[in-house]
Amino acid sequence: MIAAMKRRAFITLLGGAAAAWPLAARAQQQAKPPRIGFLGLAFERTAGEWLRAGLRDLGYIEGTNIIIEWQWAQNVDELPALAAELVRMHVDVIFAPSSTFVEAARQATTTIPIVFAVHADPVGLGHVAALARPGGNITGTTMLLTELAAKGLEMMAEALPQTRRIGVLWNPTTPSHSRALPAVETAGEKLALELRMVPARGLEDFDSAFATMAQERVGGFLAVGSPLVVGQRVPLAALALKHRLPGMFPFKENVVAGGLMSYGADPNYLYRRAAAYIDKILKGAKPADLPVEQASKYELVINLKTANALGLDLPATVLARADEVIE
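The rules we used
Residues numbered from 1 in each chain as written. Predicted model: local features only at pLDDT ≥ 70, side-chain atom pairs only at ≥ 80, totals over all residues. Heavy atoms only, no water. Salt bridge = Lys/Arg side-chain N within 4 Å of Asp/Glu carboxyl O. Helix = DSSP H or I, 4+ residues; strand = E, 2+ residues; numbered from the N terminus. Buried < 20%, exposed > 50% of the residue type's maximum accessible area, 1.4 Å probe, protein only. 1 Å grid on protein atoms, 1.4 Å probe; cavity = no way out; pocket = protein on both sides within 12 Å on 5 of 7 lines; lining within 4 Å. Points joined across faces, edges and corners; volume = space filled by probe spheres on them. Nonpolar A, V, L, I, M, F, W, Y, C, P; charged D, E, K, R; others polar. Polar contact = N/O pair within 3.5 Å; in protein donor to acceptor, adjacent residues only side chain to side chain. Contact = heavy atoms within 4.5 Å. Phe/Tyr/Trp six-rings, centres within 6.5 Å; stacked < 30°, edge-to-face > 60°. Pairing = 2+ DSSP bridges. Axes fitted to C-alpha atoms, helices over the stretch in contact; angles between N-to-C directions.

Caption draft 1: Representation of the pattern of salt bridges. Inspection of the entire model under this criterion finds 19 salt bridges. Two residues, arginine 233 and glutamate 44, come together in a salt bridge whose shortest N-O distance is 3.2 Å. Of this pair, arginine 233 sits in helix α9 (residues 233-242) while glutamate 44 sits in the loop between β1 (35-41) and α2 (46-57), and the two are 189 residues apart along the sequence. Each member of the pair, arginine 233 as well as glutamate 44, is classed as buried. The residue arginine 133 makes a salt bridge to aspartate 289 at a minimum N-O spacing of 3.2 Å. Here the residue arginine 133 occupies a position in the loop between β4 (114-119) and β5 (138-142), and aspartate 289 occupies one in the loop between α11 (267-282) and β11 (293-294), the gap between them amounting to 156 residues.

In structure tokens:
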């Protein structure tokens, strides 16, 4: 009888252990850090640092309680393949900073959540159904470049009142430029400006673009926001000085690098806000139900040292409106 009781106890113990094993395995799987897929361009790594900072604010430490799968493209043409690779990795969220990256990610998946930070026109490009209710698997923060580019042209006309011919440096690989350029053209007509549209797909096109603007005798240029403009801000500022062309840029980083002026939202802030979207999604929220947040603060930054180098005497009214003047 004692032997039989021992056998029954052993079988019960074994059965309990067997039942507990799947639970332990599931708990171990659940303990694995979530994985974020990051789409970026190799020449602009600042975006990665901004995202890390935003995640740290929320308690996420890379390699400890979150894993980031970095995918750095040498050029825009490589983005679709890298987005497809992230899908094969089964990441929990794809971070696609702007329209250029969102388009590649959107083509790769309709199920994995996609979060953006500085999207220029998410509704206009059909990446979300509406700002209030995005629908689908895409959401994030936006700086509304379509309106921003037109406003930048207005500010440039005020800063350079004697200039009637302006170059517009744009990128054919940036999806949002199909929306921004018509807005800039409309603003140019209202301001009675002659605009010269000058495309540049990559750094290798900058020399010919500036040569074209010089031949057209423009008095300045507007750089429409794109990953190329912020990523190649140093050579862009150097060429502007070389050709003695004042430029209006979308990001403060361009002015810090030596550009004349910028008008736009703080991308650092937007990336940090985008990290909050990732956090909510990892905790169970659906992208379709997370409203797209618009940047609420836009700043005018002027590099007075560059103005002096170009021999410009900017109007006092423009300097007074500046949120920051770099001397």
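Caption draft 2: Spotlight on the layout of surface pockets. In this structure, the largest pocket occupies an estimated 250 Å³ of space. Around the largest pocket, the lining comprises 17 residues; the ones closest to its centre are Phe43, Asn75, Val76, Arg201 and Gly202. Along the lines of polarity and charge, the residues of the lining of the largest pocket split into 6 nonpolar, 8 polar and 3 charged.

Caption draft 3: Examining the side chain of glutamate 103 more closely. Among the structural elements, glutamate 103 can be located in helix α4 (residues 99-108). Here histidine 127 takes part through its side chain, which lies 2.7 Å from a polar atom of the side chain of glutamate 103. Look past the residues within four positions of glutamate 103 in its chain and what remains in contact with it is His127 and Pro175.

Caption draft 4: Summary view of the packing of aromatic side chains. One pass over the full model with this rule turns up 9 aromatic pairs. Ring centres of phenylalanine 38 and tryptophan 72 lie 5.2 Å apart, and the angle between their planes is 50°; this geometry places the pair in the tilted category. With phenylalanine 38 in strand β1 and tryptophan 72 in strand β2 (residues 67-73), this pair connects stretches of sequence that are 34 residues apart. Since its relative accessible area comes to 0%, phenylalanine 38 is described here as buried. Between tryptophan 70 and tryptophan 72, the aromatic rings sit 5.7 Å apart at their centres with planes inclined by 5°, giving stacked as the arrangement. Using a relative accessible area of 21% as the deciding quantity, one classes tryptophan 70 as partly exposed. Of the aromatic side chains, those joined through ring pairs into one cluster are Phe38, Trp50, Trp70, Trp72, Phe95 and Tyr271.

Caption draft 5: Just the sheet that holds strand β7 (residues 194-199), in detail. The sheet built from 7 strands is open, its strands ordered β7-β6-β8-β9-β10-β12-β13 with mixed pairing. Unpaired on one side and paired on the other, β7 and β13 (324-326) mark the two borders of the sheet. Averaged over all pairs of adjacent strands, the angle between strand axes in this sheet comes to 20°, irrespective of strand direction. Alignment of strand β8 (residues 220-223) against strand β9 (residues 247-249), held across 2 bridges, turns out to be parallel. The partner of leucine 222 across the bridge, within β9, is methionine 248. Strands β6 (165-170), β7 and β8 of the sheet are contacted by helix α6 (residues 177-190), whose axis makes an angle of about 160° with β7.

Everything listed here is a matter of coordinates, which is why it stays silent on function.
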